[in-house]
Amino acid sequence: MVDTQTFVPEAVEEIENEVGDANAVIALSGGVDSSVAAALAYESIGDQLTPVYVDTGLMRKGETAQIRETFDYMESLRIVDAKDRFLEALEGVTDPEEKRAVIGEQFIREFEREATDADADYLVQGTIYPDRIESEGGIKSHHNVGGLPDVVDFDGIVEPVRDLYKDEVREVARHLGLDELVAERMPFPGPGLAVRVIGEVTEEKLEVARHACHVVEEELEEYDPWQALAAVIGKATGVKGDNRVHGWVVSVRSVESRDGMTARAQELDWETLQRIQSRITGENENVARVVYDVTHKPPATIEYE
């Protein structure tokens with residue numbers, strides 16, 4: 001485990017040394033990784049930091065409102081409505097790696113624009129060790145590692161938690177006194193719901209995935225999973241009322257893990273699974289059926305793409 005008493009002052013000093021008298025923007029998503037990176041950077045360089053939250057249209061239910069509430073103490077917080085730009089860039093894209101590359105480039109271009117406005121030369125990111133391992137090992141590209149474009153208009157990218165695992169980042173979050181909702185929050189992929197819909201990203205599929213993920217997180221809270229999610233994986237025939245429908249298939253996934261490098265599918269009781277499927281199919285007329293994923297990592301990854 002990380003020695004927070006040593007790590008925090010060292011990280012604060014490293015950020016200060018790297019950024020110097022320049023300004024920086026922090027890619028703030030609301031997850032524990034970027035939140036810890038933001039807190040460290042804010043402690044290190046204060047008003048030189050501009051936290052930027054990009055609403056990609058690929059986020060969890062209520063994410064933008066939560067960001068406003070959690071980080072209102074950072075006066076320079078900027079919230080960018082980029083939904084239309086991201087969805088336009090993703091139009092027609094079906095390959096998982098291409099999705100990540102498109103999202104990675106769009107993220108960087110958004111931050112470049114914000115950096116110009118903030119006169120910032122540095123980008124701070126919440127990249128953690130498993131992100132780097134999976135990207136470098138070719139398992140999948142993370143939008144803030146392997147998904148970055150070749151040309152990035154910053155003097156440097158600062159990654160204060162790059163050598164930490166997720167549980168270590170949580171330890172740092174607790175040490176920093178971050179809100180429990182942030183410190184204990186389940187992991188959420190950088191590319192957002194785009195990797196929880198198989199194939200092309202559309203507003204309809206995103207709404208189905210967003211609602212289903214919200215249901216899963218609510219219903220499985222008592223199980224304390226490492227990560228719980230829902231993904232739109234295709235279409236199938238169903239019956240609603242007296243009508244035949246051809247609706248979306250939602251796959252539910254809940255896993256236990258220490259660091260995300262390996263994971264085991266959780267054993268959920270039948271009553272819980274039935275309650276989840278009843279809510280997802282009952283609250284969304286476009287969903288025909290719900291399935292539960294029992295695959296461990298390996299051979300599967302935690303996310304679907």
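Up top you'll find the structure we're talking about.
The structure contained in this document is the topic of the report that follows. (Residues numbered from 1 in each chain as written. Predicted model: local features only at pLDDT ≥ 70, side-chain atom pairs only at ≥ 80, totals over all residues. Heavy atoms only, no water.)

### Some words on the overall build of the chain
Thinking step 1. Tallying secondary structure elements over the chain gives 10 helices and 9 strands in all.
Thinking step 2. Relative to the compact-globule value of 19 Å for 305 residues, the chain shows a C-alpha radius of gyration of 19 Å, a close match.
Thinking step 3. With the C-alpha coordinates aligned to their principal axes, the bounding extent of the chain is approximately 65 × 40 × 35 Å.
Thinking step 4. Counting the 305 residues in the chain, one finds 55% classified as buried.
Thinking step 5. Summarising the internal contacts of the chain: among those between residues at least 6 apart in sequence, 75% fall at separations of at least 24.
Thinking step 6. Per element, the accessible surface of the chain, about 13,800 Å² overall, is 43% carbon and sulfur.
Thinking step 7. Once the 30 positive and 64 negative side-chain charges of the chain are each reduced to a mean point, those two points are 8 Å apart. (Helix = DSSP H or I, 4+ residues; strand = E, 2+ residues; numbered from the N terminus. Rg over C-alpha atoms; globule rule 2.2 N^0.38 Å. Buried < 20%, exposed > 50% of the residue type's maximum accessible area, 1.4 Å probe, protein only. Contact = heavy atoms within 4.5 Å. Areas by Shrake-Rupley, 256 points an atom, 1.4 Å probe, with all protein chains shown as cover. Lys, Arg positive; Asp, Glu negative; His and termini not counted. Charge placed at Lys NZ, Arg CZ, Asp CG, Glu CD.)

### Looking at the environment of Val290
Thinking step 1. Considering the arrangement of structural elements, one finds Val290 in strand β9 (residues 287–292).
Thinking step 2. Here Val290 falls in the partly exposed class, since its relative accessible area comes to 23%.
Thinking step 3. Note: C-alpha distance between Val290 and Asp242 (48 residues apart in sequence) is 19 Å.

### Things to note about the packing of helix α4 (residues 83–90) against helix α5 (residues 96–118)
Thinking step 1. Here α4 crosses α5 at 145°, and the two axes come no closer than 10 Å. Here α4 runs over α5; the crossing is right-handed. Only Lys99, Val102, Ile103, Gln106, Phe107, Glu110 and Arg113 of α5 make contact with α4, whose side of the interface consists of Arg85, Phe86, Ala89 and Leu90.
Thinking step 2. Looking at the contact of α4 with α5, its residues break down into 6 nonpolar, 1 polar and 4 charged. (Axes fitted to C-alpha atoms, helices over the stretch in contact; angles between N-to-C directions. Left-handed = near helix turned anticlockwise from the far one by under 90°. Nonpolar A, V, L, I, M, F, W, Y, C, P; charged D, E, K, R; others polar.)

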